[in-house]
Amino acid sequence: MDIKVIVLADRLGKELEPLDQTSCPALLEIAGRSVIEYTLEDLAEAGFKQALVVSVHTELFEKKIRKGGRWGLELEHLLSRGEMRPESALRRAHHEGPALIIRGDVVRGRCVSQFLKAAVETGGECVSGTINGQDAGICFVQGKWSHGADWRALESGPNDVELGDIGLFSLRSLKNFHAANMATMDETLQGTKLPGRTGETGITAARQSVDHGARVNNGKAFIGLAAQVGKGVEIKGKVVIAEHSYVDEGASLENCVVMPGTYVGKDVEIRNAIVAGNRLIRVDIDTITEIPDDFLLTSMQKPADGASATSFWDRILAVFLLMISAPLWPIAAILAFINHPSQPLVSSRQVGNRDDGAGTFTRWVWNTNIPVLRNLPGLFPVITGHLCLVGVRPPLANSSAVGHKVAPAGLIGPALLDMDSEATEDEIALGETVYASRLTLGTKLTYMLRGASSLFGRRAWKPSLR
C-alpha cells in the first residue's frame, strides 16, 4: 500500500513562551531529542522511507533534521504560514491515495505500527487515534478528511482507535513541557530510551558530555550532547541538562530542565523549574523570573549579530596579518628546526566553524614554545573560514573528553589572553563560558585590540607550554 506520510510540525507555540523565542514546539528539546525526532523515529521503526514535513521555519528544520538520513528517511519540506489544516496539507501534497497524517509537535510513545494495523482493520475513510481518550494527533485517511476543522486544540475527535497508556504530552503549557521531560527520565513513553550511556551513579551521558563529579542524591540525570556538569553539582529527583549547557560547580538541581545553551552559575540552587538562559520558570508556582546577573544564569546559545561565524573581514584581516608577519616566519622555522629537527611542524585535527561538510580541519603549529611564533600557521584556518580571529579554543575532532564549543572557535581568545599558563582546564572552560555569555561584536573588537597590543608585550614572547 502506497501511503503518503505528512508530518505537521507548524504549530506556533505561543503557549510555550518564552521557550518559543529561539525555536518552535517541534524543535524544542525533550531529553536529548527534538520533539519531532520522537515522531520521525516512530515512522522509521514502522518501515516508512519518505515523509513530507510541514513547518513554518523550513530553514531551521533543514539544518536540524536535514533530509532525514540518520533515521533512514527521505524528507521533503513544505513551508506553512502556521498551523496548516490537515485537509490543506493533503491538497498541497498532491497525493491521491491513503495518507498518514501525524503531528510532529507533540510527544507520544511509539504507536505508528500499532495504529496503522488497527486503522486498516477498522476501515472507513478517516480513522484517528486516541491515547487515554485524548486525541493522539495521528490519523489514517483513505478518502475524505472527516476529523474536524483542525488539530490545533488537540481535543478528542472521533475515537476510532484507542492506543492505550503509551504516553502523550500535548506541550500546550510550560508545565506539560516540564512533565514531558520528567516522563522521559522514567522511560514511561512506550518504546523510547534516553540517548546515551547510563552509569552506576544514575547519570545518562550523551556524546561529548563531561561530568566533572556530580553527586546524585536519590535521583537520576540526563546530560545532553556536549554539555558540562561541574564538580560537586548535586542532583535530586529527575534532572535534564540539555545540549551545550554548563552547570557550574556546587550548583544544586532538583526536578529541573536546563534548556540548550544555558549557563547555571556556581552554587546556584534550583528546583521544580525550567531554566532557559537567564529566565527561571517555576512550574510549581507558575512564575517566570528574569535573572540579571550573568554569573547566576545566562544564555550561551545565541551569539550577537556579527559574532556568530567567521566573517569576510576576519579573512581579510588574517591575510593582512599574514603579510605583515612575513619576517617572523623564517625565525619561527629556524627555532622549530633547532629544537625539533625531526618534527618542526605539529598538526592536529580540530573542529571549526564551517557548516558545509568541512567542519573539521588540520591545524598546524610551529614546534616552538614562543606563543607568537608557534601560532603563526593558525592564520591559514582563519583565511579558509574554519576559525574566527577571536573565539574559544577549537575542540579536537573525535574527542569525547573535551568540553563543548560554547561560542565560535577562534585563533585568539580568553584562553590565550585571560588565562595564565597554570590555569586548569576547568578554569579555562569557565572563562570561555563567561566570554560566550557576553559575546558581541564589541567584545570581538576588544579582544582583537588586546591581541594586537599583546604582540609587543613580554607574555607573547615568553616561552610557554600552552
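Everything numeric in this text was worked out from a predicted model, so none of it was measured. (Residues numbered from 1 in each chain as written. Predicted model: local features only at pLDDT ≥ 70, side-chain atom pairs only at ≥ 80, totals over all residues. Heavy atoms only, no water.)

Would you mind showing me how to read the pattern of salt bridges here?
Per the counting criterion, the structure on display carries 14 salt bridges. With a shortest N-O distance of 2.8 Å, Asp 105 and Arg 103 are connected by a salt bridge. Among the ionic pairs, Asp 186 bridges to Lys 238, the shortest N-O distance being 2.9 Å. Taken together, the residues Asp 186 in the loop between α5 (174–185) and β12 (197–198) and Lys 238 in strand β17 (residues 234–241) connect sequence positions 52 residues apart. Three or more residues joined by partner-sharing salt bridges are found here, namely Arg 33, Glu 41, Glu 45 and Arg 110. (Salt bridge = Lys/Arg side-chain N within 4 Å of Asp/Glu carboxyl O. Helix = DSSP H or I, 4+ residues; strand = E, 2+ residues; numbered from the N terminus.)

Looking at this model, I keep getting lost on the sheet that holds strand β16 (residues 228–229). Mind explaining?
Sheet strands associate in pairs through backbone hydrogen bonding, adopting either a parallel or an antiparallel arrangement. As summarised here, the arrangement of the 5 strands in space is β14-β16-β18-β20-β24, forming an open sheet in which the pairing is mixed. Only two strands of the sheet have a single neighbouring strand rather than two, namely β14 (210–211) and β24 (297–299). Pairing between β16 and strand β18 (residues 246–247): 2 bridges, direction parallel. Note that in β18 the partner of Val 229 across the bridge is Val 247. (Pairing = 2+ DSSP bridges.)

Before we go on, may I ask you to explain the nonpolar core in this structure?
The nonpolar side chains of soluble globular proteins are, as a tendency, buried together. Formed by 35 residues in total, the largest nonpolar core has its most connected members in Ile 36, Phe 61, Leu 100, Phe 115, Ile 138 and Leu 163. Per-element tally for this core: the top contributor is helix α4 (residues 112–122), with 4 residues. Once residues lying within four places of it in the same chain are set aside, the contact partners of Leu 163 are Cys 111, Gln 114, Phe 115, Thr 130, Ile 131, Ala 136 and Ile 138. (Core = buried A, V, L, I, M, F, W, Y, C linked by side-chain atoms within 4.5 Å. Buried < 20%, exposed > 50% of the residue type's maximum accessible area, 1.4 Å probe, protein only. Contact = heavy atoms within 4.5 Å.)

How should the packing of aromatic side chains be read in this particular structure?
Aromatic rings in a pair are described by how distant their centres are and how their planes are angled relative to each other. Applying the stated criterion across every chain, the model contains 4 aromatic pairs. Both rings, one in Tyr 246 and one in Tyr 263, keep their centres 5.9 Å apart while their planes meet at 45°; by these two values the pair is tilted. Within this pair, whereas Tyr 246 is found in strand β18, its partner Tyr 263 is found in strand β20 (residues 262–264), the two being separated by 17 residues in sequence. A relative accessible area of 3% places Tyr 263 in the buried class. For the ring pair Phe 312 and Trp 313, a centre distance of 5.3 Å and an interplane angle of 75° mean the geometry is edge-to-face. A residue is classified by how much of its surface remains accessible, and Phe 312, at 55% relative accessible area, is exposed. These aromatic residues form a ring-pair network of at least three members: Trp 329, Trp 366 and Phe 380. Its guanidinium or amino end placed over the ring of Tyr 38, Arg 33 lies 5.3 Å from that ring's centre, counting from NZ or CZ. (Phe/Tyr/Trp six-rings, centres within 6.5 Å; stacked < 30°, edge-to-face > 60°. Lys NZ or Arg CZ within 6 Å of the ring centre and 35° of its normal.)

What exactly am I supposed to notice about the pairing of strand β19 (residues 252–258) here?
Successive side chains on a regular strand alternate, one facing one side of the sheet and the next facing the other. Of all 7 residues that make up β19, 5 are buried, and the element is covered over most of its length. Where β19 and strand β21 (residues 269–276) come together, 6 bridges link them in parallel fashion. If you follow Ser 252 over to β21, its bridge partner there is Glu 269.

Would you mind going over the confidence of the model for the chain with me for this structure?
Should the pLDDT be low somewhere, the predicted coordinates at that spot are not to be read in detail. Scored by pLDDT, the chain has a mean of 84; 87% of the residues are at 70 or more. Here helix α13 (residues 458–461) stands out as the least confident element of the chain, with mean pLDDT 67; β19 is the most confident, with 97. pLDDT under 50 marks residues 152–157. Its contacts with residues more than four places away, or in other chains, come to 15 contacts. Note on residues 302–308: pLDDT under 50 across the span, and 15 contacts to partners over four residues away in sequence or across chains. (pLDDT = per-residue confidence, 0-100.)

Help me understand the sheet that holds β12, please; the structure alone is not making it clear to me.
Here 8 strands make up an open sheet; going across it, the order is β12-β13-β15-β17-β19-β21-β22-β23 and the pairing mixed. Taken across any chain shown, the strands that pair with only one partner, and hence form the sheet edges, are β12 and β23 (287–290). Summarising the sheet, β17 and β19 pair through 6 bridges and their orientation is parallel. Across the sheet, the residue bridging to Lys 236 is Glu 254, located in β19. Helix-sheet contacts for α5 involve β15 (215–223), β17, β19, β21, β22 (279–282) and β23, and the interaxial angle to β19 is about 110°. (Axes fitted to C-alpha atoms, helices over the stretch in contact; angles between N-to-C directions.)

How should α4 be read in this particular structure?
Think of an α-helix as 3.6 residues a turn; residues three or four steps apart then line up on the same face. The complete set of buried residues in α4 reads Val 112, Phe 115, Leu 116 and Ala 119. End-on view of α4: buried residues confined to an arc of 95°, all on one side of the axis. Away from the buried face of α4 by more than 90 degrees, exposed residues Lys 117 and Glu 121 are located. Tucked inside the fold, the buried residues of α4 contact α1 (35–45), β6 (99–103), β8 (126–131), β9 (134–141) and β10 (161–162). The positive-phi residue at the C-terminal boundary of α4 is Gly 123, with phi of around 75°. (Arc of directions from axis to C-beta.)

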